Amino acid sequence: MTTNIPSNNEKPNKASGQDRPLNFLEQIITKDLQEGKHSQIVTRFPPEPNGYLHIGHAKSICLNFGLAERFGGVCNLRFDDTNPAKEDQEYIDSIIEDVKWLGFQWGQESNAEVKFASKYFDQFYEWALHLIHDNKAYVCHLSPDEARQYRGTLKEPGKNSPYRDRSKEENLAEFEKMRAGEYDEGACVLRAKIDMAAPNINLRDPILYRIRKQSHHQTGDQWCIYPTYDFAHGQEDAIEGITHSICTLEFADHRPLYEWFIENLPVPSQPTQYEFARLQLNYTVTSKRKLKQLVDEGHVDGWDDPRMPTISGMRRRGYTPRALRNFCDIIGVTKSDSQVDVGMLEYAVRDDLNDNAPRAMCVLQPLKLVITNFDEAGDGVESSGGEPTLWVTQPGHPNRPELGERKLPFTKEVYIERGDFTEDTSLSRKKFKRLVSGDYVRLRGAHVIKAERVEKDEAGEITEVHCTLVPNTVGANPPEGMKPRGVIHWVSATQHVNCQVRLYDRLFNDDAPDAGEKNFLDFINPDSLTIVDGAKAELSLRDAQLEQSYQFEREGYFTLDRRYSTETLPVFNRAIGLKDTWANKV
RNA sequence: UGGGGUGUAGCCAAGCGGUAAGGCAGCGGGUUUUGAUCCCGUCAUGCGAAGGUUCGAAUCCUUCCACCCCAGCCA
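Here goes a summary of the coordinates provided. (Residues numbered from 1 in each chain as written. Chains lettered and ligands numbered in written order. Predicted model: local features only at pLDDT ≥ 70, side-chain atom pairs only at ≥ 80, totals over all residues. Heavy atoms only, no water.)

What about unusual backbone geometry?
Here is step 1: Positive phi is not limited to glycine here, since Y283 has a value of about 60 degrees.
Here is step 2: By the element assignment, Y283 lies in the loop between β9 (272-276) and α9 (288-296).
Here is step 3: The phi dihedral of N472 falls on the positive side, at around 60 degrees, and the residue is not glycine.
Here is step 4: With respect to the helices and strands, N472 occurs in the loop between β20 (462-470) and β21 (487-488). (Helix = DSSP H or I, 4+ residues; strand = E, 2+ residues; numbered from the N terminus.)

So, in structure tokens, the structure goes:
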């Protein structure tokens with residue numbers, strides 16, 4: 001009678017990506033493999049540990065790990081931790097957790113270690129010396145302000161730094177002083193000597209090392225100079241034997257620099273950089289700064305608030321790794337800026353949950369229904385527990401018999417959804433397929449019933465609906481003339497689980513909350529969270545497990561909240577409602 | 001004429017000189033003890049625009065237009 005299913009009892013991933021056309025990166029890799037450029041591909045997912053991962057990172061993770069999986073290669077998880085000022089161990093832990101949860105494995109073996117850019121700091125330092133020896137790098141004492149002026153503008157060339165032509169010996173000595181901590185932050189930097197007139201600003205003597213007198217989460221106080229992204233990234237890739245270094249579009253301008261280092265340094269391999277368009281979702285904000293603001297200012301409950309587009313938030317909400325991976329697969333990978341409709345994400349979640357979530361019944365807004373002729377319920381009625389109960393059977397899943405069955409206690413008094421009853425007899429059968437005074441409806445899995453009369457309180461609100469059941473209609477159609485309007489869900493008024501239900505809606509009610517001059521906070525949806533107390537769930541939900549989703553029939557997909565659930569009061573988060581085509585027509 | 005990138009349906013996205021795949025959304029219908037799922041059908045004489053090459057162009061050439069990214073000692 002339990003509805004729990006083992007985690008390996010899932011329908012196979014629909015969108016495994018095997019029968020769709022190859023994206024441009026897959027085409028490149030296929031060619032590289034065919035031509036023998038590489039015998040095995042190596043990719044990497046290189047987050048900076050300065051925030052929580054979100055849906056956009058999921059796309060990158062699925063891309064990099066997915067490519068390795070598909071082509072029999074390897075993908076590293078590498079922290080690009082070159083800026084101690086912004087990073088923290090907390091983020092490293094959460095990132096590792098998120099990647100694991102998505103179901104990916106880094107490295108060659110199952111126990112492979114996570115990589116860190118900071119592990120290569122000694123090597124980077126050696127390579128910096130190498131460039132100085134080759135007269136391709138120099139220590140520059142221009143202030144940040146002066147450096148900006150020397151750099152020129154987008155349309156005008158820059159001019160050479162006065163420190164550009166120092167001798168090799170002087171540069172070596174100055175760089176040593178930088179490393180030894182003899183200069184303050186900002187006093188000087190090590191720069192590559194490339195071309196101050198280059199139309200690509202990244203080539204105008206870019207900075208290789210800057211001074212940061214901060215202790216680093218991995219290397220402690222070992223260094224006070226840290227390599228920049230540009231000087232570190234390609235070399236990290238080369239050290240790890242990365243074959244295809246995949247990053248987002250805004251780094252395309254850095255590629256010539258990436259290649260310059262690879263060509264001018266004795267690196268152990270020759271990685272190539274490719275760029276793809278980062279994910280943009282409408283009705284969603286994915287800038288780390290803005291997500292942090294939502295958390296810090298208390299607009300949400302934390303990084304894992306179920307309304308957040310963070311991986312941990314979506315996880316808590318009840319989205320599954322399969323849904324996220326399928327989503328990443330169906331949106332594709334290209335170089336064109338695009339804004340994906342969140343509807344696609346919601347589709348991926350529904351699609352997965354429909355296949356895999358066991359069914360259950362839960363009444364959110366209870367209305368008591370008294371079955372006056374319950375004694376005619378049939379032969380199976382038991383009274384062992386003191387109360388006459390008919391145990392009816394329902395499948396765990398309508399299309400997947402292997403998911404077993406549930407037994408539900410059907411009793412004289414049950415709860416139905418307040419919205420599933422009306423006294424308005426003028427509503428046609430087509431317009432209202434629920435319970436109407438004097439008409440018939442089926443209680444899912446149980447009898448067809450007829451609403452006979454209602455009881456109301458002083459305020460005129462309906463407190464009870466009295467009805468009669470049609471005998472012998474469990475698993476059978478009623479006699480002629482008693483055709484039910486529809487099927488509604490119910491829960492025994494005496495044998496159920498009290499719970500709280502949290503309904504979520506989009507966090508923003510504007511499709512581009514942070515576009516242009518807009519302030520995204522102005523578009524926070526005031527109805528993004530609705531807390532429903534006093535919901536009544538079927539008995540089997542007493543055993544609900546974390547990370548297990550259930551379909552509350554006719555309502556949507558729900559999962560236990562890891563934060564607010566207690567021993568006595570489970571809290572269910574609605575991941576997403578059922579598709580409701582009817583709502584569009586009324 | 002700074003440099004780089006991108007334009008195929010409401011939203012994604014195939015297409016790689018041979019006559020516009022697929023998915024999401026929508027619309028119409030069928031099945032259904034979930035207004036769900038599932039199934040069937042429908043949805044670009046048109047590929048940012050204009051010229052040109054060709055028997056044939058979304059694909060090649062020319063010009064133009066629009067949008068995105070770059071002037072952190074962030075990544």
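Things to note about the state of the cysteines
Here is step 1: What the rule picks out here adds up to 0 disulfides.
Here is step 2: With no disulfide of its own, C62 has C328 as its nearest cysteine by sulfur position, at a separation of 3.7 Å.
Here is step 3: Sulfur of C362: no disulfide; nearest cysteine sulfur belongs to C499 and is 4.1 Å away. (Disulfide = S-S within 2.5 Å.)

Topic: the pattern of salt bridges
Here is step 1: Evaluation of the coordinates by the stated rule reveals 43 salt bridges.
Here is step 2: For the salt bridge of E236 with R78, the shortest nitrogen-to-oxygen distance reads 2.8 Å. One end of the pair, E236, is in helix α7 (residues 229-240); the other, R78, is in strand β2 (residues 74-79), with 158 residues separating them in the sequence. Both residues of the pair, E236 and R78, count as buried.
Here is step 3: Among the salt bridges present, the one from D304 reaches R563, with a minimum N-O distance of 3.2 Å. Placement of the pair is D304 in the loop between α9 and α10 (311-317) and R563 in the loop between β26 (556-560) and β27 (571-577), with a sequence separation of 259 residues.
Here is step 4: With a relative accessible area of 18%, D304 lands in the buried category.
Here is step 5: The exposure class of R563 is partly exposed, given its relative accessible area of 38%.
Here is step 6: Connected through shared salt-bridge partners, R44, R78, E236, D237 and E240 make up one network. (Salt bridge = Lys/Arg side-chain N within 4 Å of Asp/Glu carboxyl O. Buried < 20%, exposed > 50% of the residue type's maximum accessible area, 1.4 Å probe, protein only.)

So, the protein's contact with RNA strand B
Here is step 1: Around RNA strand B sit 66 residues in total, of which R212, D253, R359, G475 and Q551 are the nearest.
Here is step 2: For RNA strand B, the backbone portion of the atoms within 4 Å of the protein, that is sugar and phosphate, comes to 62%.
Here is step 3: T334 has a polar side-chain atom sitting 2.7 Å from a phosphate oxygen of RNA strand B.
Here is step 4: With respect to RNA strand B, the side chain of R442 contributes an N or O atom lying 2.9 Å from a base oxygen.
Here is step 5: Of all the secondary structure elements, the ones that give two or more residues to the surface near RNA strand B are α5 (144-151), β6 (207-211), α12 (342-356) and α13 (581-585).
Here is step 6: Each residue belonging to the surface near RNA strand B can be placed in one class, and the counts come to 23 nonpolar, 19 polar and 24 charged. (Near = heavy atom within 4 Å. Polar contact = N/O pair within 3.5 Å; in protein donor to acceptor, adjacent residues only side chain to side chain. Nonpolar A, V, L, I, M, F, W, Y, C, P; charged D, E, K, R; others polar.)

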